[in-house]
Amino acid sequence: MEAGYCNRKKTDGICDSEFGSKSVLSMSRLKCALRGFDLRVLLILLIGVPILIFAIYVHGQKVTYFLRPIWEKPPKPFTIRPHYYHENVSMDNLCKLHGWKVRETPRRVFDAVLFSNELDILDIRWHELSPYVSEFVLLESNSTFTGIKKDLHFKENRQRFDFAESRLTYGMIGGRFVKGENPFVEESYQRVALDQLIKIGGITDDDLLIMSDVDEIPSGHTINLLRWCDDIPEILHLQLRNYLYSFQFLLDDKSWRASVHRYRAGKTRYAHFRQTDELLADSGWHCSFCFRYINDFIFKMKAYSHVDRIRFKYFLNPKRIQHVICEGADLFDMLPEEYTFQEIIAKLGPIPSTFSAVHLPAYLLEQNDRYRYLLPGNCVRESG
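Residues numbered from 1 in each chain as written. Predicted model: local features only at pLDDT ≥ 70, side-chain atom pairs only at ≥ 80, totals over all residues. Heavy atoms only, no water.

A. The arrangement of helix H9 (residues 294–303) in detail. Buried residues dominate H9, accounting for seven of its ten residues. Here H9 has its buried residues at Ile-294, Phe-297, Ile-298, Phe-299, Lys-300, Met-301 and Ala-303. In this fold, the buried residues of H9 make contact with strand S14 (284–288) and helix H10 (318–327). (Buried < 20%, exposed > 50% of the residue type's maximum accessible area, 1.4 Å probe, protein only. Helix = DSSP H or I, 4+ residues; strand = E, 2+ residues; numbered from the N terminus. Contact = heavy atoms within 4.5 Å.)

What follows is the structure, given as structure tokens:
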């Protein structure tokens, strides 16, 4: 028997060779290790695993949101109060329909907001509420929630709001610009400062205080109802129609963070989270990312508390943003934030267009030339 070969049946000697150069032996051992291993399985692993890792990197957030019904329970449902209104029905009867009594004189109303750069939406909001509001309270900062330095847009355009000047309490707070801090910390810091500004504005017990973001607009008749009726709840959340980019894309009616409070000194604190289980139906409009200029979309995407949703730089590409707006798709390429698979699946894809402009803020329709971009059928934005 020649040296270097094993005396075994059905062998080519590769596994048992004890002679030859180190390189030959290394190759022999590799071939031996791969013996019986399906080459197709190896190719699948070599190609498939990197693809899987890349897919998780790109779509991991979508997977997480889709599986949300498994790992997160839905919040307790609101107790929804029916909302009655018609312009030809007296206030006495409207209060009775809600189970309340009409007052001899209306309560004072304070509308308080944190302001960033939503000049057009603020204009529409304040004109909608102006007949019913006693004092507008506005606080702005030279910092976004994410610590980006910004201009004082309201201060620079204050003359545009001369109609509210006599009823305006304005404040400015300097940003802290803490790098790497959770954006919600800065947001909370500014809301505490707004609490103090509301007191400076002269609010007293049992005045009504509206707590909502600028783009969460209560309807004027809703606020008028609450200021004229007695025995209303101490705190009442407002159900708003949820629009995206303009009043063309009606997402749902699930916006609830806006609230109205009967003010209590030492007890009432300005907040933007759930504070009661009671929700007044169909009480206004929430128009999110409703901007005239593409640059404002980019600014808000980088400035607000959910900046972590910008997973890729191309999300900020102006051409992409314009396409997304006209499609009614999601700027952050996210799945719907829902708690059941049925609701998630029902909302997959772009938001269907609505071509109804009925029951929208009056000033929006009165100034239709100025605000045409917010009306159905006008999705193209300006690049400035």
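B. The arrangement of the packing of aromatic side chains in detail. Following the criterion strictly, the structure yields 19 aromatic pairs and no others. When the ring of Tyr-245 is compared with that of Phe-249, the centres are 6.4 Å apart and the planes differ by 80 degrees; the resulting orientation is edge-to-face. Each of the two residues, Tyr-245 as well as Phe-249, counts as buried. Within the aromatic cluster, the residues linked to one another by ring pairs are Phe-115, Trp-126, Phe-136, Phe-154, Phe-161, Phe-163 and Tyr-170. The lysine or arginine in question, Arg-68, covers the ring of Tyr-339, its NZ or CZ lying 4.2 Å from the ring centre. (Phe/Tyr/Trp six-rings, centres within 6.5 Å; stacked < 30°, edge-to-face > 60°. Lys NZ or Arg CZ within 6 Å of the ring centre and 35° of its normal.)

C. Inspection of the side chain of Glu-338 at higher detail. Within the fold, Glu-338 resides in the loop between H10 and helix H11 (341–346). Looking at Glu-338, the relative accessible area reads 7%, which means it is buried. A distance of 3.3 Å separates the side chain of Glu-338 from the side chain of Lys-254, its partner in a polar contact. In this structure the side chain of Glu-338 is engaged in a polar contact, spanning 2.6 Å, whose partner is the side chain of Lys-347. Residue contacts for Glu-338: discarding those within four places in its chain leaves Arg-68, Asp-252, Lys-254, Glu-343, Ile-344 and Lys-347. (Polar contact = N/O pair within 3.5 Å; in protein donor to acceptor, adjacent residues only side chain to side chain.)

D. Region of the structure containing the sheet that holds strand S11 (residues 250–255). Reading across from one edge, S7-S14-S10-S11 is the order of the four strands in this open sheet, with mixed pairing throughout. Because the sheet does not close on itself, it has two edges, and the strands there are strand S7 (216–218) and S11. Between one strand and the next, the sheet's axes are offset by a mean angle of 25 degrees, whatever the strand orientation. (Pairing = 2+ DSSP bridges. Axes fitted to C-alpha atoms, helices over the stretch in contact; angles between N-to-C directions.)

E. Spotlight on the nonpolar core. The biggest cluster of nonpolar side chains holds 47 residues, and the ones touching the most others in it are Leu-122, Trp-126, Leu-138, Phe-154, Phe-247, Leu-364 and Leu-374. For this core, the element with the highest residue contribution is helix H5 (residues 119–129), accounting for six residues. Beyond its immediate stretch of four places on either side in the chain, Leu-374 contacts Ile-121, Ile-124, Tyr-245, Ser-246, Phe-247, Gln-248, Cys-290 and Leu-364. Core analysis: the next-biggest nonpolar cluster, separate from the first, contains 23 residues, Phe-291, Met-301, Leu-331 and Cys-379 among them. (Core = buried A, V, L, I, M, F, W, Y, C linked by side-chain atoms within 4.5 Å.)

F. Spotlight on the state of the cysteines. By the definition in use, this model includes three disulfides. A sulfur-sulfur separation of 1.9 Å characterises the disulfide bridge that pairs Cys-287 with Cys-290. On the sign convention where negative is left-handed, the bridge of Cys-287 and Cys-290, at about -80 degrees about the S-S bond, is left-handed. Here Cys-287 falls in the buried class, since its relative accessible area comes to 1%. Through a disulfide, Cys-326 is tied to Cys-379; the S-S separation comes to 2.1 Å. The S-S bond linking Cys-326 to Cys-379 shows a torsion near 90 degrees; that makes this disulfide right-handed. With Cys-326 in helix H10 and Cys-379 in the segment after helix H12 (362–366), this residue pair connects regions lying 53 residues apart in the sequence. Across the protein chain, the way the bonded cysteines pair up, counted in sequence order, is 1-2, 3-4, 5-6. (Disulfide = S-S within 2.5 Å.)

G. Expanded view of the side chain of His-98. For His-98, the location among the structural elements is in the loop between helix H4 (91–97) and strand S2 (101–102). By relative accessible area, which is 9% here, His-98 ends up buried. Of the polar contacts made by the side chain of His-98, one reaches the backbone oxygen of Leu-94; its length is 2.7 Å. Apart from residues no more than four positions distant in its own chain, His-98 is found in contact with Arg-81, Pro-82, His-83, Tyr-84, Leu-225 and Leu-280.

H. Spatial organisation of the packing of H9 against H10. Packing of H9 against H10 brings their axes to within 10 Å, and their N-to-C directions diverge by 95 degrees. When the axes of H9 and H10 are compared, the pair comes out roughly perpendicular. Two secondary-structure elements touch here, H9 through Ile-294, Phe-297, Ile-298 and Met-301 and H10 through Pro-318, Ile-321, Gln-322 and Ile-325. Taken together, the residues of the contact of H9 with H10 break down into seven nonpolar, one polar and no charged. (Parallel < 35°, antiparallel > 145°, perpendicular 65-115°, else oblique. Nonpolar A, V, L, I, M, F, W, Y, C, P; charged D, E, K, R; others polar.)

I. The arrangement of the pattern of salt bridges in detail. Counted according to the given criterion, the structure contains 34 salt bridges. One salt bridge connects Arg-176 with Glu-186, and the closest N-O pair in it is separated by 3.1 Å. Here Glu-186 lies in helix H7 (residues 183–200) and Arg-176 lies in the loop between strand S5 (168–173) and H7, a separation of ten residues in the sequence. The class for Glu-186 is buried, based on a relative accessible area of 3%. Between Glu-382 and Arg-292 there is a salt bridge whose closest N-O contact spans 3.7 Å. Highlighted residues: Glu-382 in the segment after H12 and Arg-292 in the loop between S14 and H9, separated in sequence by 90 residues. Among the residues examined, Arg-292 registers a relative accessible area of 17% and is labelled buried. (Salt bridge = Lys/Arg side-chain N within 4 Å of Asp/Glu carboxyl O.)

Purely spatial values, then, with no claim about function.
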